[in-house]
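Coordinates in review
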Amino acid sequence: MTPTVIAHRGFAGVNPENTVGAVHAAAADADRIEIDVVACGDGTPVVFHDTRLDDGDGSRGITDGDGAVHESSPATVTAATVGPSDETVPTLARLVETTDVPLNVELKRPATAAVRSGALSPADRAAARERWQPFVDRVFETLDDREILFSSFCEGALAAVRDRDATAPLAPICHDLSAGRDLAARYDTTAIHPSLAAVRAAETADTDPDLNVWTIRTWDEAVEAVRLGADGIIADYPGLTQWLGA
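This section reports on the structure supplied with the text. This one's a predicted model, so the numbers in the text were calculated from it and none came from an experiment.

A look at the packing of helix H4 (residues 122-142) against helix H5 (residues 155-164)
Between H4 and H5, the least distance of the axes is 7 Å, while the angle of their chain directions is 60 degrees. As judged from the angle between their axes, H4 and H5 are oblique. Classified by chirality, the crossing of H5 by H4 is right-handed. Residues Arg 125, Ala 128, Arg 129, Trp 132, Gln 133, Val 136, Asp 137, Phe 140 and Glu 141 of H4 form the contact with H5, whose own contacting residues are Glu 155, Gly 156, Ala 157, Ala 159, Ala 160, Val 161, Asp 163 and Arg 164. Taken together, the residues of the contact of H4 with H5 break down into eight nonpolar, two polar and seven charged.

A closer look at helix H6 (residues 177-187)
It helps to recall that an α-helix has 3.6 residues per turn; residues three or four apart then point in one direction. Those residues of H6 that sit buried are Leu 177, Gly 180, Leu 183, Ala 184 and Tyr 187. Take H6 and look down its axis: the buried residues cluster within an arc of 120 degrees, on one side only. Packed against the buried residues of H6 are H4, H5, strand E6 (170-174), strand E7 (191-194), helix H7 (196-201) and strand E8 (210-216). Looking one or two residues beyond H6, the residue adopting positive phi is Asp 188, at roughly 50 degrees.

A short note on the environment of Pro 102
Position of Pro 102 among the secondary structure elements: in the loop between helix H3 (92-98) and strand E4 (103-109). For Pro 102, a relative accessible area of 28% gives the class partly exposed. Separated by 69 residues in sequence, Pro 102 and Ile 33 place their C-alpha atoms 6.4 Å apart. Discounting residues that sit within four places of it in the chain, Pro 102 has contacts with Asp 31, Arg 32, Ile 33 and Glu 147.

What to know about the environment of Phe 153
Inspection of the secondary structure assignment puts Phe 153 in the loop between strand E5 (148-152) and H5. In this structure the C-alpha to C-alpha distance between Phe 153 and Pro 172, which are 19 residues apart in sequence, comes to 6.0 Å. Sequence-distant contacts of Phe 153, defined by excluding residues within four places in its chain, comprise Glu 106, Lys 108, Ser 117, Gly 118, Ile 173, Cys 174, His 175 and Trp 214.

What to know about the pairing of strand E2 (residues 32-39)
Most of E2 sits out of view: eight of its eight residues are buried. Side chains Arg 32, Glu 34, Asp 36 and Val 38 of E2 all project onto a buried face; the interleaved residues Ile 33, Ile 35, Val 37 and Ala 39 project onto the opposite face, where all are buried too. Pairing geometry for strand E1 (residues 4-8) and E2, over three bridges, is parallel. The partner of Ile 6 across the bridge, within E2, is Arg 32. In the classification by handedness, the crossover that spans E1, the intervening helix H1 (residues 20-26) and the parallel E2 is right-handed. As paired strands, E2 and E4 are joined by six bridges and run parallel to one another. Bridge assignment links Asp 36 to a residue of E4, and that residue is Glu 106. Where E2 and strand E3 (residues 45-47) come together, three bridges link them in antiparallel fashion. In the strand pairing of E3, Ala 39 is matched with Pro 45. Taking the residues that link successive antiparallel strands as the turn, the E2-E3 hairpin has five residues, and the phi of Gly 43 there is positive, at about 95 degrees.

Regarding the environment of Pro 194
Secondary-structure assignment places Pro 194 in strand E7. On the accessibility criterion, Pro 194 (0% relative accessible area) is buried. For the pair Pro 194 and Ala 7, spaced 187 residues apart in the sequence, the C-alpha separation amounts to 15 Å. The residues contacting Pro 194, other than those within four sequence positions of it, are Cys 174, Leu 177, Val 199, Leu 211, Asn 212, Val 213 and Trp 214.

Here's the deal with the pattern of salt bridges
One pass over the structure, following the stated rule, counts 17 salt bridges. The partner of Arg 146 in a salt bridge is Asp 144, with the nearest N and O atoms 2.9 Å apart. Connected through salt bridges with shared partners, the residues Arg 9, Glu 17, Asp 36, Asp 50 and Arg 60 form a single ionic network.

Reading the values: rules and limits
- Each chain has its residues counted from 1, running along the sequence as written.
- Local features are withheld for residues below a pLDDT of 70 in this predicted model, meaning they are given only at 70 or higher, and side-chain atom pairs are given and counted only at 80 or more; totals for whole chains, interfaces and linings count all residues.
- The basis for the side-chain values is all heavy atoms of the structure; hydrogens and waters are excluded.
- To obtain an axis, a line is fitted to C-alpha atoms, over the contacting stretch when the element is a helix, and the angle between two such axes runs from 0 to 180 degrees between their N-to-C directions.
- Helix numbering and strand numbering both begin at the N terminus, where a helix is a DSSP run of H or I of at least 4 residues and a strand a DSSP run of E of at least 2.
- By the definition adopted for this analysis, an angle is roughly parallel if under 35 degrees, roughly antiparallel if over 145, roughly perpendicular if from 65 to 115, and oblique otherwise.
- A clockwise turn of the near helix away from the far one marks a right-handed crossing, whereas an anticlockwise turn of less than a right angle marks a left-handed crossing.
- The contact rule is simple, with two residues in contact once any of their heavy atoms fall within 4.5 Å.
- Residue polarity follows a fixed list, in which Ala, Val, Leu, Ile, Met, Phe, Trp, Tyr, Cys and Pro are nonpolar, Asp, Glu, Lys and Arg are charged, and the others, Gly among them, are polar.
- Burial status follows relative accessibility: with a 1.4 Å probe on protein chains alone, a residue under 20% of its type maximum counts as buried, one over 50% as exposed, and anything between as partly exposed.
- The arc in question is the one traced by the directions running from the helix axis out to the C-beta atoms.
- Pairing between strands requires that DSSP locate at least two bridges from one strand to the other.
- If the strands point away from the viewer and the path from the first strand over the helix to the second runs clockwise, then the crossover is right-handed.
- Think of a salt bridge as a Lys or Arg side-chain nitrogen and an Asp or Glu carboxyl oxygen that are within 4 Å of each other.

Laid out in structure tokens, this is it:
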């Protein structure tokens, strides 16, 4: 079986991650492009992963900008250059306008640095959905009619997507496959996105939703993921599936 290939941040191993250029470069070698989406200070969705543009608070300092994204204006964020490239941090609107590939939109953070990942107690779910809903609504309003798969580590984001659209393709991201299965059942999701370690640790990886495993960085990890039951791989590099039939 040849798995679906999802280009992690636009094949971040070879391209400046989460940029328009990365999406264009990855399109020929992937079935879908995964991007991270976070909110600026005014709620504008931008395509970025870390909490900060610089290297504070555990961020990697992958841009020449400064400051926390959720406290910054869109102009400040989108002026930041990613690594030693000419690519800048795009708004989600610009990326959508200038590309036409199927996307996996990972809902990373609303307009706050504090988010809770994983499953929540019933008492906390409604409040978490309400925190996420304005940002999720902005994301939906920005997207066009192409094929979109939404994913998130945060149950609040999953709940907000379901509140907005009862049939939108959706996937919980998880470090534990059993927890991912529970969230998939609760929100009637299309897929589950477990880590490779989670699939290794599971007694069985058989699932009704598709199983897209992250983050695959080598050809032998791709072979292992498929052997363990992956329907798709979320990969940092192109070409990792060429040895699956060997």
